[in-house]
Amino acid sequence: MTTAPWRDAALPAATRVDDLLSRMTLEEKIAQLYGVWVGAATDGDGVAPHQQHMNTDYDWDELITQGLGQLTRSFGTSPVDPALGAQALARAQRRIAAAGRFGIPAVAHEECLAGFTTWGATAYPVPLAWGATFDPALVEAMAARIGRDMRSVGVHQGLAPVLDVVRDLRWGRVEETIGEDPYLVGTVGSAYVRGLESAGIVATLKHFAGYASSAGARNLAPVRAGTREFADVTLPPFEMALREGGARSVMAAYTETDGVPASADPQLLTGLLREQWGFTGTVVADYFAIDFLQTLHRVAGSPTESAHLALAAGIDVELPTLKCYGKDLAAAVRAGTVPEELVDRAARRVLVQKCELGLLDEDWNPDLPTESIDLDSAENRAVARRLAEESVVLLANPDGVLPLSPDTRIAVVGPRAADALAMLGCYSFPSHVGTLHPETPMGIEIPTVLDALRTELPDTKVTYTEGCGVSDPDTSGFEEAVARAREADVCVAVLGDRSGLFGRGTSGEGCDVADLALPGVQGALLDALVGTGVPVVLVLLTGRPYALGRWDGRLAAAVQAFFPGEEGGPAVAGVLSGRVNPSGRLPVSVPRGPGGQPWTYLQPPLGLAGEVSNLDPTPLYAFGHGRSYTTFAWEDFEGGERTEIGTDDGYDLSLTVRNSGDRAGAEVVQLYLHDPVAAVTRPDVRLIGYQRVELAPGESSRVTFRFHADLSAFTDRSGRRVVEPGALELRLAASAADVRHTARLTLTGPVREVGLERRLRCETEISQDG
């Protein structure tokens, strides 16, 4: 028997897919363009709003005779034992393959924003915590573990990472982002992509593009970003993750920019993404987004018109389930109202990706060994612990109250101290789905801060009271909280967010806030505790930063953790006890006052404090800020004299970092660019490089930054990305506001336009100092 060319693994994928497409009917090609969410509720009471619009009344057995593009979240919809889930997925895949003429299985996708979002899988810290580590290598290692776990049960595609750059801290999805700086987001996000892809999982970049710039910080609100903000802040992380991470899929954003929904924008999804950037993978719809073109955006009058707009723009796959890319689309193609070339274009991309995943091979087999599946292994937990420990930020410790002495009497107070869910973001399985199944055990062990602190300091007297809830107005617990504090030497106030979805939390998707005051009456509780005169250590477990200026100078210490995952309790307790020397740095600024949003540190001159307004937006703690229990000396700086280099040239600057304290620790050296004069207004400073340096007491390392003029590029008035001649300052700093050394350069030569060939990152070298 002769093997058909499309089955021949020795042939190039494009050749195989061209042969396959020539054999397929229109309906079979369209079937490759949608997913099916078999377990989704359609009554509107499921995971997301508007889910009721997806009731399509299809017959599964009939549907799969044409084939199927994707299976939606067979693990992430309800609690399922991993081994049983893998067996069920394999059975479904065999049914899909057996039902169609070509025996092609579906791509199975799952969420993996802070770990594989399924029951019993490791819940890692949220992306905002990744940003706080300033440690891309560790994030890559985490992502590789997530990817291996997903592949072990038959999953092919992961819907992560989120590469949105925070523009308004009130937005509910801040916890899902890596931070407010595009360089940090791009470098850490690219590392996550590399890790996931190294395990054979298709990484999906989201949300492309502009989603985090929604007006008023409202989820899915219109985006009013200007063209240069879009080009210089929003897009660079995506470009970096494609070029340096190798991501094979992109998810179009829900939002609209200047009246054009991203899901119907051919300039974005085809002109920029494919024609300019050369992307060849798949573009998938955010859940329900194609139908939203009719129901929410109102740029289409029917599901078929929505399908036409999305296909023409460049969306290849409708997720999470079939609504617009079905029988009516086939009828429209046959009627000549939708060009069949659009279907062929999308089907080719989907099938090429399936070919690359081995799903078109004759020896494809969905069965996987299930006897050894462990989605929360000791190795996973070790990575989760290290990531959590590196992400904790010591905001302030003015009098050295931390680390806590073992003989200190401690009163632990606050609504986040004894709740395991306080560690988790909204896309962890226990928060995302588990709360809908209260009868089911959590599936993983999550020590609370209270439990971990008692374990950390077993001989210390630790008392506890909640004091108040996360968001309710009840203050009846204040009296007991104050009494417990007065009985102690130190009060540890554990406050923060409850992550949830669509208003069911204080942080998370659809949980946007009006201002940055602590939720509920937590601020009043903190006032009452501080009023006792007992030293108060504030511990925040949150998905966004909150305004802390009201307590500036009144706290004994302040510790910030951004939903640090299942090992977050021991990590925070380790910082409090001193077992862990904090090394996290803020990926977002901490504001002084709760109003005055939106504001991030990427401000041009008029966005900074000045005499023209009585409102001072200067944050209490700047981007990149973080304290340690040891001290570091920055010595022997080279690069301080004014130097001329060409607009296509590079320049090295270096310094020695020495641990001048008495315990091991990690310093994060940050490189910022200041452009005094430019053709358009520029941020006063912006991050262009960083290096985490781990040192034993007395140890030193030489850190070299290899700056290239490409890193000064920006989008000019004509829309070109250019490097301009003129003066620049390179600032080595411990935060955006704590500059230690400055190198002054002059770029000479002509204005130089740069494109895809430009350098995106500042290479660094670190060597043991002799």
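Residue numbers restart at each chain and count upward from 1, following the sequence in its written direction. Local features in this predicted model are restricted to residues whose pLDDT is 70 or higher, and side-chain atom pairs enter the listing and the counts only when it is 80 or higher, whereas totals over whole chains, interfaces and linings include all residues. Note that water and hydrogens are dropped before the side-chain values are worked out from all heavy atoms of the structure.

A.B. asks: Even after reading the chapter, I still don't get the pairing of strand 5 (residues 202-208), so can you show me in this structure?
C.D. replies: A regular strand places its side chains so that they alternate between the two faces of the sheet. Note on exposure labels: buried denotes an accessible area under 20% of the residue type's maximum, exposed denotes more than 50%, and partly exposed covers the range between, all computed with a 1.4 Å probe on protein chains only. Think of it this way: any DSSP run of H or I at least four residues long counts as a helix, any run of E at least two long counts as a strand, and we number them from the N terminus. The element strand 5 is largely enclosed, with a buried count of seven among its seven residues. A strand pair is defined by DSSP finding two or more bridges across the two strands. Across two bridges, the pairing between strand 4 (residues 157-158) and strand 5 is parallel. Across the sheet, Gly158 pairs through a bridge with Ala203, a residue of strand 5. Read from strand 4 through helix 7 (residues 182-198) to strand 5, the crossover connection turns out right-handed. Two elements, strand 5 and strand 6 (residues 249-252), share three bridges in a ladder whose sense is parallel. What sits directly across from Leu205, in strand 6, is Val250. Look down the strands so they point away from you; if the path from the first strand over the helix to the second goes clockwise, the crossover is right-handed.

A.B. asks: In this structure, what is going on with the pattern of salt bridges? I would like to understand it.
C.D. replies: Two side chains with opposite charge may pair up if their charged atoms get near one another. The salt bridge criterion pairs a side-chain nitrogen of Lys or Arg with a carboxyl oxygen of Asp or Glu, the two atoms within 4 Å. All chains considered together, the criterion is met by 54 salt bridges. Taken together, the shared-partner salt bridges in this structure form one network comprising Asp135, Arg386, Glu390, Arg692 and Glu694.

A.B. asks: Honestly, the sheet that holds strand 5 in this entry has me stumped. Any pointers?
C.D. replies: Reading across the sheet, the seven strands line up as 1-2-3-4-5-6-9 and stay open at both edges, with parallel pairing between neighbours. Two strands in the sheet have a free side with no partner beyond their single neighbour: strand 1 (35-36) and strand 9 (282-285).

A.B. asks: Would you take a moment to explain helix 6 (residues 136-152) for this structure?
C.D. replies: One full turn of an α-helix is made of 3.6 residues, so residues set three or four places apart face in the same direction. By this rule the span expected of a helix is its residue count minus one, scaled by 1.5 Å. Its 17 residues place the ends of helix 6 24 Å apart at the C-alpha level, agreeing with the 24 Å of an ideal helix rising 1.5 Å per residue. When we look at burial in helix 6, the residues that qualify are Pro136, Leu138, Val139, Met142, Ala143, Ala144, Arg145, Ile146, Gly147, Asp149 and Met150. By definition in these notes, contact holds between two residues if any of their heavy atoms fall within 4.5 Å. On its buried face, helix 6 is in contact with strand 3 (107-110), helix 5 (127-133), strand 4, helix 7, helix 15 (378-391) and strand 20 (686-695).

A.B. asks: Explanation requested: the environment of Arg409 in the structure shown.
C.D. replies: Mapped onto the elements of the fold, Arg409 is located in the loop between strand 10 (393-396) and strand 11 (410-413). By relative accessible area, which is 40% here, Arg409 ends up partly exposed.

A.B. asks: Help me out: how do you make sense of the packing of helix 1 (residues 13-23) against helix 14 (residues 340-356) in this one?
C.D. replies: To characterise two packed helices, one gives the angle between the axes of the helices and the distance between these axes. Across the interface, helix 1 lies against helix 14 with an axial gap of 9 Å and an inter-helix angle of 130 degrees. Between helix 1 and helix 14, the angle is such that the two are oblique. With respect to the hand of their crossing, helix 1 and helix 14 are arranged in right-handed fashion. Contact with helix 1, carried on its side by Ala13, Arg16, Val17, Asp18, Leu20 and Leu21, involves Asp344, Ala347, Arg348, Leu351, Val352 and Cys355 of helix 14 and no other residues of that element. Its residues assigned to classes, the contact of helix 1 with helix 14 shows eight nonpolar, no polar and four charged. Fitting a line to C-alpha atoms yields each axis, with helices limited to the stretch in contact; the angle taken between N-to-C directions then spans 0 to 180 degrees. The cut-offs work like this: below 35 degrees is roughly parallel, past 145 is roughly antiparallel, 65 to 115 is roughly perpendicular, and the gaps in between are oblique. If you view the pair so one helix is near and one far, a crossing is left-handed when the near helix is turned anticlockwise from the far one by less than a right angle, and right-handed when it is turned clockwise. Amino acids are sorted into nonpolar (Ala, Val, Leu, Ile, Met, Phe, Trp, Tyr, Cys and Pro), charged (Asp, Glu, Lys and Arg) and polar (every other residue, Gly among them).

A.B. asks: How do you make sense of the packing of aromatic side chains when you look at a structure like this?
C.D. replies: Each aromatic ring pair is specified by the distance between its two centres and by the angle formed by the two planes. Under the pairing criterion, centres of Phe, Tyr and Trp rings, with the six-membered ring standing for Trp, must be within 6.5 Å; the plane angle then separates stacked pairs below 30 degrees from edge-to-face pairs above 60, leaving the rest tilted. Taken as a whole and assessed by the stated rule, the structure comprises 16 aromatic pairs. Aromatic pair Tyr287 and Phe288: ring centres 6.3 Å apart, planes at 75 degrees, arrangement edge-to-face. Three or more aromatic residues joined by ring pairs make a cluster, and in this case those are Trp37, Trp171, Tyr211, Tyr254, Tyr287, Phe288 and Phe292. By definition here, charges over rings are those cases where NZ of Lys or CZ of Arg is within 6 Å of the ring centre and within 35 degrees of the ring normal. Just above the ring of Tyr427 sits the side chain of Lys206; from NZ or CZ to the centre is 5.6 Å. Here the guanidinium or amino end of Arg740 rests over the ring plane of Trp634, the centre of that ring lying 4.8 Å away.

A.B. asks: Help me out: how do you make sense of the state of the cysteines in this one?
C.D. replies: The term disulfide refers to a covalent linkage connecting the sulfur atoms of a pair of cysteines. Pairs of cysteine sulfur atoms within 2.5 Å are what we label disulfides. The tally for this structure, following the rule as stated, stands at zero disulfides. Free cysteine Cys112: the closest other cysteine sulfur is in Cys426, separated by 14 Å. Since its relative accessible area comes to 0%, Cys112 is described here as buried. Cys426 takes part in no disulfide bond, and the closest cysteine sulfur, belonging to Cys511, lies 7.2 Å away.

A.B. asks: What exactly am I supposed to notice about the sheet that holds strand 13 (residues 490-496) here?
C.D. replies: Neighbouring strands of a sheet are bound in pairs by backbone hydrogen bonds; such pairs are parallel or else antiparallel. Taking strand neighbours across the sheet as the criterion, the six strands line up as 10-15-14-13-11-12 in an open arrangement whose pairing is mixed. Each edge of the open sheet carries a strand with a single partner, namely strand 10 and strand 12 (462-465). Strand-to-strand twist in this sheet, taken as the mean axis angle between neighbours without regard to direction, amounts to 20 degrees. In this sheet, strand 12 lies alongside strand 11 in parallel orientation, the contact comprising four bridges. Opposite Val412, over in strand 12, you have Tyr464 as the bridge partner. The sheet strands contacting helix 18 (residues 478-486) are strand 11, strand 12 and strand 13, and the helix crosses strand 12 at an angle near 165 degrees.

A.B. asks: Can you help me understand the nonpolar core in this one?
C.D. replies: In summary, soluble globular proteins display a tendency toward joint burial of nonpolar side chains. Of all hydrophobic cores here, the largest spans 203 residues; its most connected members are Tyr192, Phe208, Tyr325, Leu526, Phe707 and Leu730. At eight residues, the largest contribution of residues to this core is made by helix 14. Ignoring anything within four residues of it in the chain, the contact list for Leu526 reads Ala493, Leu495, Leu518, Val536, Leu538, Trp551 and Leu555. With 38 residues, the next largest nonpolar core counts Leu424, Val492, Ala557 and Val559 among its residues. The set of buried Ala, Val, Leu, Ile, Met, Phe, Trp, Tyr and Cys residues whose side-chain atoms join them within 4.5 Å is what this entry labels a nonpolar core.

A.B. asks: I keep staring at the side chain of Ser428 and nothing clicks. Help me out?
C.D. replies: Within the secondary structure layout, Ser428 lies in the loop between strand 11 and helix 16 (429-432). Judged by its relative accessible area of 5%, Ser428 is buried. Throughout this description, a polar contact denotes any pair of N or O atoms lying within 3.5 Å of each other; where both atoms belong to protein, one of them has to be capable of donating a hydrogen while the other can accept it, and for residues adjacent in sequence the pair is counted only when both atoms sit in side chains. Among the polar contacts made by the side chain of Ser428, one reaches the main-chain carbonyl oxygen of Gly425 at a distance of 2.8 Å. Excluding anything up to four places from it in sequence, Ser428 contacts Thr117 and Ala123.

A.B. asks: Which parts of the structure should I look at to understand unusual backbone geometry?
C.D. replies: Most peptide bonds take the trans form, and the phi angle of most residues other than glycine is negative. Backbone torsion omega between Leu319 and Pro320 reads 5 degrees, so that peptide bond is classified as cis. Residue position: Pro320 is located in the loop between helix 12 (303-313) and helix 13 (327-335). One non-glycine residue with positive phi stands out, namely Phe502, at about 50 degrees. Within the secondary structure, Phe502 is located in the loop between strand 13 and helix 19 (522-530). Under the relative-accessibility criterion, Phe502 is labelled partly exposed at 25%.

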